[in-house]
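# Topology and contacts: notes
The lines below spell out each chain.
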Amino acid sequence: MIRIFTLFWVNKFLLETIAPAEYSLYPLLLSIMLAAEVFAKIFTGGIARFVVEMDTPEKAHGVSRVVSSMLPFIAVISVLLLLTGWLAVSNIESFLNIEPALVSDAQLMLSMQIVTLCTVILCTPFSCGLYVRHRFVAINLIELAGEAGRITIMAGLLLAVSAEVKWVVFANSIVTLAVALTMVRMSVKEMPDLKFRRSHIDLAYSSRIVRFGSWTATSSITEIVQRTLPIFILNHYSTPVAVASLHIARLVDFNIRKISRAATIPIEPLLTRLHTQSGMEGMEAIYYRGGKYQLWFVLAPIGPLVVFSLELINLYAGPTYTEAAYAMVCLLAQFPFLYASAMFYRIAVASEQVSVYFQLELVATLVMAVAIVGVAVLYEASSITVAFTIAATNILFHVFLIWHQGIKLVSGSFRLFLVRTLLPGMTPLMAAIGFSLAYKTLSPVMTWFDLMIPTFAAIGVYLIVLLTVCTDSFDRTQCLAAVQKAKRAFTRG
């Protein structure tokens, strides 16, 4: 949440102080780095999952086997990325449409991001110990310290040196490196077996991890198409304002996804251990209930964000970027369809049955890529048309393919999915949207304070409907248990 708040105001500050051409450099270079991250994820994406599987007394030296088998591959990948990055930095003008005065800044920013990524990749096998041992409080404290450092460095450079977008990249790189190295130190302390031993190298086992990672990297390919391809298309066929507008619209989308990811990370090693012990038994109930909880969590702010999107963007970025409001609505409209089946991916990873999920993702990605290019070239290249194309493709594929395959994975039924996940998961959102629309017709929103009132009120309506209409006896029991636990912790404190 701290990072989201920081990014919110840093982007607002930059939008008010620098030209759109300079601001658009940041999303352009982030898009390039996403491609490099996907390539690296082929080799790093399965490490944590297999360390969880090997972290048992019965599998002696299993953790060291995972680390030792993957480190040589990761070292080679890091060197390849450094060399490729050097070529990209040297020839940046040949593949990006950048004003000559901004070329040196773009090269500096890309260089910092490449060095940071390669270092993080090398740290990956040694930094998963806290995750595997469920030390999520420690992880959060490390990340919180990192955010404090990021804010301090970024604010100091932007306010005391100069208002330039390169300082955002510099601050992010320094803090990312510090957090990665701290994670390594704490993880190795938590799990001493996270070490390289030449005698534990197992090429057959590493190929299994790489195969798993190759499939998990497909999710990042989807992210590239949704985040990188649109930026490049708009960079070549539209204006810097269009690039900046899409980036602004995706700030909400990206950060809601990031919060959801952070909130659900603790269940991933638990699902893997559960499957190792009991197979697919009980996974159907987890699928329905987990999807419902995901919807409740993710959709809470969506109602007021959709209804007051135009007012939000005008207050945040100004009338120059009005199209960002409509692009944001398109991107948020896909959330109910995406997160209803969110447990499909997690159960597929836990059960090592990722091929079906990622085959569907890959097909959807290819269709989306063709659709984005076709719409931009044949119709119009704008942030609105690109966002609409992304959302429409995702919605259609989830409703007609991914929902069905997720239910099939857990041997469930669509009727139960509808009754236990979709209806209780989406009902609070409908109430929040209805309240927001009614408020908007009665009272204009002109200031930040005017916007905060209906936003918090709509979220209040959302929670009331959720608690009174959409919960079952199990939900209420768990909620009361959580409240009582919090009271005991507060009393002891």
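In this report, the structure presented in the accompanying data block is examined. Note that this is a predicted model, so its numbers are computed, not measured.

So, on to the overall build of the chain. From N to C terminus, the chain includes 25 helices and 0 strands. A compact globule built from 493 residues would reach a C-alpha radius of gyration of about 23 Å, and the chain, at 23 Å, matches this within 12%. In the chain, which comprises 493 residues, the share counted as buried stands at 49%. Contacts in the chain between residues at least 24 apart in sequence constitute 84% of all its contacts with a sequence separation of at least 6. Averaging the locations of the 35 positively and 28 negatively charged side chains of the chain gives two centres separated by 10 Å.

Taken as a whole and judged by the stated rule, the model has 12 salt bridges. The residue K166 makes a salt bridge to E164 at a minimum N-O spacing of 3.8 Å. On the accessibility criterion, E164 (23% relative accessible area) is partly exposed. Put simply, D475 and K292 hold a salt bridge, and the shortest N to O gap is 2.7 Å. With a gap of 183 residues between them, D475 in helix α25 (residues 473-492) and K292 in helix α15 (residues 283-299) connect regions that are remote in the sequence. Given the relative accessible area of 6%, D475 is considered buried. On the basis of relative accessibility, which here comes to 4%, the residue K292 falls in the buried class. Each member of the salt-bridge network shares a partner with another, and the members are R289, K292, D472 and D475.

Attention now moves to the packing of helix α3 (residues 25-44) against helix α12 (residues 229-237). The geometry of α3 relative to α12 is characterised by a closest axis approach of 9 Å and an angle of 135° between their N-to-C directions. Taken as axis vectors, α3 and α12 run oblique relative to one another. Crossing geometry of α3 relative to α12 is assigned as left-handed. Facing α3, whose interface residues are P27, L28, S31 and I32, α12 presents I231, F232 and N235.

Moving on to unusual backbone geometry. When glycine is set aside, most residues are seen to have a negative phi, and most peptide bonds are trans. The phi dihedral of S411 falls on the positive side, at around 55°, and the residue is not glycine. Relative to the elements of secondary structure, S411 occurs in the loop between α22 (383-409) and α23 (414-442). By relative accessible area, S411 is classed as exposed at 62%.

The next thing to look at is a nonpolar patch on the surface. On the surface, F39, V76, V79, L80 and L83 cluster together into a nonpolar patch covering about 430 Å² of accessible area. Among the structural elements, V79 can be located in helix α5 (residues 62-90).

Closest axis-to-axis distance for the helix α21 (residues 354-379)/α22 pair is 9 Å, and the angle between their directions is 155°. Looking at the two axes, α21 sits roughly antiparallel to α22. Pair α21 / α22 crosses with right-handed handedness. Touching V356, L360, E361, V363, A364, V367, M368, A371, I372, V375 and Y379 of α21 are T385, T389, I390, T393, N394, F397, L401, I402 and Q405, all from α22.

Tallied over the full model, the rule gives 13 aromatic pairs. With centroids separated by 6.1 Å and ring planes inclined at 80°, the aromatic side chains of Y287 and Y288 adopt a geometry described as edge-to-face. By relative accessible area, which is 1% here, Y287 ends up buried. A relative accessible area of 1% means that Y288 is categorised as buried. Here the aromatic rings of F337 and W403 are separated by 6.3 Å at their centres, their planes lie at 20°, and the arrangement is stacked. You can see F337 sitting in helix α19 (residues 335-339) and its partner W403 sitting in helix α22, a full 66 residues away along the chain. Overall, the relative accessible area of 24% leaves F337 in the partly exposed class. For W403, a relative accessible area of 7% puts it in the buried group. Grouped by ring-pair contacts, the aromatic residues Y287, Y288, F337, W403, F414 and F417 constitute a single cluster.

Parameters and conventions
Residues numbered from 1 in each chain as written. Predicted model: local features only at pLDDT ≥ 70, side-chain atom pairs only at ≥ 80, totals over all residues. Heavy atoms only, no water. Helix = DSSP H or I, 4+ residues; strand = E, 2+ residues; numbered from the N terminus. Rg over C-alpha atoms; globule rule 2.2 N^0.38 Å. Buried < 20%, exposed > 50% of the residue type's maximum accessible area, 1.4 Å probe, protein only. Contact = heavy atoms within 4.5 Å. Lys, Arg positive; Asp, Glu negative; His and termini not counted. Charge placed at Lys NZ, Arg CZ, Asp CG, Glu CD. Salt bridge = Lys/Arg side-chain N within 4 Å of Asp/Glu carboxyl O. Axes fitted to C-alpha atoms, helices over the stretch in contact; angles between N-to-C directions. Parallel < 35°, antiparallel > 145°, perpendicular 65-115°, else oblique. Left-handed = near helix turned anticlockwise from the far one by under 90°. Patch = residues over 30% accessible without salt bridge, like charges linked within 9 Å, V, L, I, M, F, W, Y side chains within 5 Å. Areas by Shrake-Rupley, 256 points an atom, 1.4 Å probe, with all protein chains shown as cover. Phe/Tyr/Trp six-rings, centres within 6.5 Å; stacked < 30°, edge-to-face > 60°.

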